[in-house]
Amino acid sequence: LLVKNLNLISKNYVYQNSDKGIEYAKKALQLSRELNWKFGIGEAYLNIGIHEVSQGKYLESQKKLNVANKIFIEIKNNLYIAKTYIEIGILKANQSKYPESLDYFFKSLKLFENIKTSNVQKSIGSCYENIGTVYNLTNNYDDAIENYTKAIEILSKIEKKEVQVALNIANIAIIYQKNRFEVEDFYT
């Protein structure tokens, strides 16, 4: 229970205070090792990797995410394999490695779609949003809009996801606005 709480506290520091998040994840890692609890070790490495991405420590993050992924594959935890793939996809997108990023987002999406619990819908929506963002960054606007729309359809059915829905709508609006100016510039 203590390991779970330490990892939960670590997650709550994502994008707020990565140093604190890493501190809690390292405590969870140490305790998980003492207990020889593989899941706790994997989750701690996943959390550290997430925090290191936000700090721009991409090489270190890749190592942590790879260790987490190896552990989750070993213990056959598809939910956390999928979560790790999302984070690796985000890492690759931050490195402008868009084809690799898409590969990980699609692998994550496929795993989430095969998990038969209702609470994965948020993660499926996030996959579509991330895929849309990569397509947007690579000027593949039709595919971006298609994936943002799928994200909106899924996330609008989930409580307390209004902000994420609004961001996806805004992303579509920005694409239309950007393309309108490009067309107008072409004719002027």
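Scoring rules and cut-offs
Residues numbered from 1 in each chain as written. Predicted model: local features only at pLDDT ≥ 70, side-chain atom pairs only at ≥ 80, totals over all residues. Heavy atoms only, no water. Phe/Tyr/Trp six-rings, centres within 6.5 Å; stacked < 30°, edge-to-face > 60°. Helix = DSSP H or I, 4+ residues; strand = E, 2+ residues; numbered from the N terminus. Buried < 20%, exposed > 50% of the residue type's maximum accessible area, 1.4 Å probe, protein only. pLDDT = per-residue confidence, 0-100. Salt bridge = Lys/Arg side-chain N within 4 Å of Asp/Glu carboxyl O. Axes fitted to C-alpha atoms, helices over the stretch in contact; angles between N-to-C directions. Parallel < 35°, antiparallel > 145°, perpendicular 65-115°, else oblique. Left-handed = near helix turned anticlockwise from the far one by under 90°. Contact = heavy atoms within 4.5 Å. Nonpolar A, V, L, I, M, F, W, Y, C, P; charged D, E, K, R; others polar.

Chemist: Where do I start with the packing of aromatic side chains in this structure?
Modeler: The description of two aromatic rings rests on the distance between their centres and on the angle between their planes. Tallied over the entire structure, the rule returns 6 aromatic pairs. Between Tyr85 and Tyr104, the ring centres sit 5.7 Å apart and the planes meet at 55 degrees, which makes this aromatic pair tilted. With a gap of 19 residues between them, Tyr85 in helix H5 (residues 78–94) and Tyr104 in helix H6 (residues 98–113) connect regions that are remote in the sequence. Assigned by exposure class, Tyr85 and Tyr104 land together as buried.

Chemist: Even after reading the chapter, I still don't get the confidence of the model for the protein chain, so can you show me in this structure?
Modeler: Interpretation of the predicted coordinates at a detailed level should be avoided for regions scoring low in pLDDT. Predicted confidence across the protein chain gives a mean pLDDT of 93, with 96% of residues reaching 70 or more. When mean pLDDT is compared element by element in the protein chain, helix H4 (residues 58–74) scores highest at 98, while helix H9 (residues 162–187) scores lowest at 81.

Chemist: I tried to follow the pattern of salt bridges on my own but got confused; where do I start?
Modeler: Once their charged atoms are close, side chains differing in charge can pair, the charge on each being opposite to the other. In this structure the tally under the stated criterion is 6 salt bridges. In this structure, the salt-bridge partner of Lys64 is Glu52, at a minimum N-O distance of 3.2 Å. Highlighted residues: Lys64 in helix H4 and Glu52 in helix H3 (residues 38–54), separated in sequence by 12 residues. Among the salt bridges present, the one from Glu100 reaches Lys92, with a minimum N-O distance of 3.4 Å. For Glu100, a relative accessible area of 36% puts it in the partly exposed group.

Chemist: Can you walk me through the packing of helix H1 (residues 2–12) against helix H2 (residues 18–35) in this structure?
Modeler: For any two helices packed against each other, one specifies the crossing angle of their axes together with the interaxial distance. With their axes 8 Å apart at the nearest point, H1 and H2 run at an angle of 160 degrees to one another. The angle between H1 and H2 places the two elements in the roughly antiparallel class. As for how H1 packs across H2, the hand of that crossing is left-handed. Two secondary-structure elements touch here, H1 through Leu2, Val3, Leu6, Asn7, Ile9 and Ser10 and H2 through Gly21, Tyr24, Ala25, Lys27, Ala28, Leu31, Ser32 and Leu35. For the contact of H1 with H2, the per-class residue count stands at 9 nonpolar, 4 polar and 1 charged.

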